[in-house]
Amino acid sequence: MNARVNHTAVRAVAILSLVACSGGADLPMLEPAMTGDTAGLVERGEYLVRSVAVCGHCHAADPAEPDGPLSGGLAFRNWRLGTVRAANLTSDPLTGLGAWTDAEIAGAVRNGMDPDGRVLAPVMPYAWLSGMSDRDGLAVARYLKTLPPVRNAVRQDHNLIYAIGDLLFLGPARSPRPIAPQRAASAAYGEYLALHVALCADCHTRRHGLRNEHDMEWLFAGNADPPAGFPANPSNITPENSTGIGTWKEEDFLRTLRTGVTPDGRELNPFMPWRQYRRMTDDDLRAIYRYLRTVRPIVNSVPSR
């Protein structure tokens, strides 16, 4: 998905300093013996892509319309990266995913590695998505292959800092073979969704350090200093009473994500894709709520913006 910068000089420095880049990651095993019954996979993939992961939030031709064509192009700019643009996820064989196998698509989503073995920029949250199950990874791939092709060659403009980081620090995400809990309105399944599919933690957890990594000590506690481009500060969704959602009942949580209005009457910023989340099943939303009730309550007042 990313075009790599030509940085021969940087490679030489890396070799001389004897710092090796992380090796590749094996492609997911997507045989029926591993994924189970494949009936309904495209429908499952559409549900995950459009209503849970909301891939269109970044990959839509117009991110303000996440349900539109996923032909990419949205630019992410900061001093660590230069300019990284969201990839074309349509089935176009030249500029999209049309020539990729199911395993290659699932590998990019979950491990952050393209078919040529290049690591994707970590704007793509593959560190979280690495916990997505084989079956769900296959479902996502099968659905993306059904998208009408859109010819849109997406160009990357990485800077020198990214080139050095690519050589010294970046590598594909690895995790033990992920297996999703049984689908149910349970905290266990809610953890799977909130961390590895719906990506609640990716936005609602603050970042720190030179590498801008998530600070797991502040998991779900909100972020008053989000990445550039966020028009609002992701709120504290831990079960803390004064600054989080500790006083929310389960029905309050569902109503908020169905209507975009909190129990105290505040409207959610449209950057929060509640219009897509409201299509999630009651059981899936209940599962996320029940999981959030189990996380550590953290006092963190996040100012509105």
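Residues numbered from 1 in each chain as written. Predicted model: local features only at pLDDT ≥ 70, side-chain atom pairs only at ≥ 80, totals over all residues. Heavy atoms only, no water.

Caption draft 1: The overall build of the protein chain, seen in detail. Of the regular secondary structure elements, the protein chain holds 13 helices and 5 strands. Out of the 305 residues belonging to the protein chain, those deemed buried represent 50%. Residue pairs at least 24 apart in sequence account for 66% of intrachain contacts in the protein chain once pairs closer than 6 positions are excluded. Summed over all atoms, the accessible surface of the protein chain reaches about 14700 Å², with 56% contributed by carbon and sulfur. (Helix = DSSP H or I, 4+ residues; strand = E, 2+ residues; numbered from the N terminus. Buried < 20%, exposed > 50% of the residue type's maximum accessible area, 1.4 Å probe, protein only. Contact = heavy atoms within 4.5 Å. Areas by Shrake-Rupley, 256 points an atom, 1.4 Å probe, with all protein chains shown as cover.)

Caption draft 2: How the structure looks around the pairing of strand S1 (residues 75–78). In terms of strand pairing, S1 meets strand S2 (residues 82–85) through 4 bridges, oriented antiparallel. Its bridge partner being in S2, Arg77 is matched across the sheet by Thr83. Counted between consecutive antiparallel strands, the loop separating S1 from S2 contains 3 residues. (Pairing = 2+ DSSP bridges.)

Caption draft 3: Geometry of a nonpolar patch on the surface. A cluster of nonpolar residues, Trp79, Ile161 and Leu210, forms a patch on the protein surface that exposes about 350 Å² of accessible area. Along the chain, Trp79 falls in the loop between S1 and S2. (Patch = residues over 30% accessible without salt bridge, like charges linked within 9 Å, V, L, I, M, F, W, Y side chains within 5 Å. Salt bridge = Lys/Arg side-chain N within 4 Å of Asp/Glu carboxyl O.)

Caption draft 4: Expanded view of the sheet that holds S2. As summarised here, the arrangement of the 3 strands in space is S1-S2-S3, forming an open sheet in which the pairing is antiparallel. Looking along the sheet, the strands with just one partner apiece sit at the ends: S1 and strand S3 (157–158).

Caption draft 5: A look at the pairing of S2. Examined bridge by bridge, S2 and S3 share 2 bridges and lie antiparallel to one another. Bridge pairing links Gly82 to His158 in S3.

Caption draft 6: Inspection of the nonpolar core at higher detail. Counting 60 residues, the largest nonpolar core has Leu144, Phe220 and Phe253 as the members making the most contacts within it. Counting residues per element, this core draws most heavily on helix H13 (residues 282–292), at 6 residues. If sequence neighbours within four positions are ignored, Leu144 has contacts with Val49, Leu70, Leu89, Thr90, Ser91, Leu97 and Ile105. (Core = buried A, V, L, I, M, F, W, Y, C linked by side-chain atoms within 4.5 Å.)

Caption draft 7: How the structure looks around the side chain of His59. Here His59 lies in helix H4 (residues 56–59). Beyond its immediate stretch of four places on either side in the chain, His59 contacts Pro69, Leu70, Ser71, Gly72, Ala86, Ala87, Leu89 and Met124.

Caption draft 8: Just the confidence of the model for the protein chain, in detail. Averaged over the protein chain, the pLDDT score is 88; the fraction of residues at 70 or greater is 87%. A low-confidence stretch, residues 1–23 stays under pLDDT 50, and its non-local contacts, those more than four residues away or across chains, total 45 contacts. (pLDDT = per-residue confidence, 0-100.)

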